[in-house]
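# Structure assessment
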Amino acid sequence: MTEPQADETAPLPPLPTGRMQGRQVFLDTVRQAFDAAAAQGWSHITLSDPDFVDWPLGERVVVDALNRWARRGRTLKMLARNYDQLRLQHPRFVQWRVTWAHLVEAHACVGASGAELPSAIGSPVWTLERLDPLRNTLVASVDAERRVALQERVNECWHRSTPSFPASQLGL
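Residues numbered from 1 in each chain as written. Predicted model: local features only at pLDDT ≥ 70, side-chain atom pairs only at ≥ 80, totals over all residues. Heavy atoms only, no water.

Helix length check: helix α1 (residues 23-40), at 18 residues, gives a terminal C-alpha distance of 25 Å against a target of 26 Å (1.5 Å per residue), a fit within 8%. Looking at α1, one finds that the buried residues are F26, L27, T29, V30, A33, F34, A36, A37 and A38. At its buried positions, α1 is contacted by β1 (18-21), β2 (44-48), α2 (60-69), β5 (119-122), β6 (127-132) and β7 (137-141). G41 sits one or two residues past α1 and shows a positive phi near 65°. (Helix = DSSP H or I, 4+ residues; strand = E, 2+ residues; numbered from the N terminus. Expected span 1.5 Å × (residues − 1). Buried < 20%, exposed > 50% of the residue type's maximum accessible area, 1.4 Å probe, protein only. Contact = heavy atoms within 4.5 Å.)

Following this line, the structure appears as structure tokens:
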């Protein structure tokens, strides 16, 4: 007798919505978001955080999901104060960024305070915002008004930012 195989065509469970709390909840929800982006073919993803140091971006499952998501016409927009810690702590993601450089636009908003620069994921259908990074208090939503409001806050910082986190470091 053979063991039942997982149905790879089965729809993903819906992304969580509502108020949540906890570090593990944050990590799991970010992982689920990248899986959903790949499965649902999100045209764009916006990532915003002061430094992305405590995100699971360098995990193999996240990079694999990003590889499944990456296609012509898709865009990943990233906004941070700086990317120094991301480079050090997430080498798999940094390599993914090199491979898919044509899909990624990254900016640094150096002078932004924590309240000005949301810790969030934005997509065409769902948002996740970490309201309190220390306690990992999150709000996830499919509400269009919340998506637009988050995008407006990210865009305010984007307009004051400069290109950063290049795919390659040129030296002399």
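Back to the text.
What follows is about the pairing of β7. The buried fraction of β7 is high, at five of five residues. Note: β1 against β7, four bridges, orientation antiparallel. Across the sheet, residue Q21 finds its bridge partner in β7, namely T137. Here β6 runs beside β7; their pairing, made up of five bridges, is antiparallel. (Pairing = 2+ DSSP bridges.)

Now for the sheet that holds β1. Pairing in this open sheet of eight strands is mixed, and the strands run β1-β7-β6-β5-β2-β3-β4-β8 from one edge to the other. Here the strands that pair on one side only, and so sit at the sheet edges, are β1 and β8 (162-163). This element, α1, spans β1, β2, β5, β6 and β7 of the sheet and lies at about 160° to β6. Contacting β2, β3 (75-80), β4 (104-108), β5, β6 and β7, helix α5 (residues 144-159) runs over the sheet at an angle of about 60° to β3. (Axes fitted to C-alpha atoms, helices over the stretch in contact; angles between N-to-C directions.)

Across soluble globular proteins, you tend to see nonpolar side chains buried next to one another. Membership of the largest hydrophobic core comes to 39 residues, with the highest contact counts inside it found for L47, W69 and M78. Looking at this core, the element that brings in the most residues is α1, giving eight residues. Excluding anything up to four places from it in sequence, W69 contacts A37, A38, W42, S43, I45, R74, T75, L76, W96 and L103. Residues L79, C109, A120 and C157 belong to the second largest nonpolar core, which totals nine residues. (Core = buried A, V, L, I, M, F, W, Y, C linked by side-chain atoms within 4.5 Å.)

The description of two aromatic rings rests on the distance between their centres and on the angle between their planes. Scanning all chains against the criterion turns up seven aromatic pairs. Taking 5.5 Å as the distance between ring centres and 90° as the angle between the ring planes, the aromatic pair formed by F26 and W55 counts as edge-to-face. Here W55 lies in the loop between β2 and α2 and F26 lies in helix α1, a separation of 29 residues in the sequence. An identical accessibility class is assigned to F26 and W55; each is buried. Relative to F165, the ring of Y83 has its centre 4.9 Å away and its plane inclined at 15°; by these criteria the two rings are stacked. (Phe/Tyr/Trp six-rings, centres within 6.5 Å; stacked < 30°, edge-to-face > 60°.)

With that settled, consider the environment of V94. Mapped onto the elements of the fold, V94 is located in helix α4 (residues 91-99). Non-local contacts of V94, meaning those with residues more than four positions away in its chain, are made with L86, R87 and F165.

The predicted model of the protein has a mean per-residue pLDDT of 90, with 90% of residues at 70 or higher. For the stretch residues 1-10, pLDDT sits under 50, and the model shows zero contacts to residues farther than four places along the chain or on other chains. (pLDDT = per-residue confidence, 0-100.)

With that settled, the discussion passes to the packing of α1 against α2. Between α1 and α2, the least distance of the axes is 8 Å, while the angle of their chain directions is 20°. Classified by the angle their axes make, α1 and α2 are roughly parallel. Here the hand of the crossing between α1 and α2 comes out left-handed. Residue-level contacts link R31, F34, D35, A37 and A38 of α1 to V61, V62, A65, L66, R68 and W69 of α2. In terms of residue class, the contact of α1 with α2 is built from eight nonpolar, no polar and three charged. (Parallel < 35°, antiparallel > 145°, perpendicular 65-115°, else oblique. Left-handed = near helix turned anticlockwise from the far one by under 90°. Nonpolar A, V, L, I, M, F, W, Y, C, P; charged D, E, K, R; others polar.)

In the structure shown here, the tally under the stated rule is nine salt bridges. For R130, the salt bridge is made with D49, and the minimal N-O distance between the two is 3.1 Å. Taken together, the positions of R130 in strand β6 and D49 in the loop between β2 and α2 put the pair 81 residues apart, joining distant regions of the chain. The pair R130 / D49 is uniform in exposure class, with both members buried. For D54, the salt bridge identified is with R130, shortest N-O distance 2.8 Å. (Salt bridge = Lys/Arg side-chain N within 4 Å of Asp/Glu carboxyl O.)

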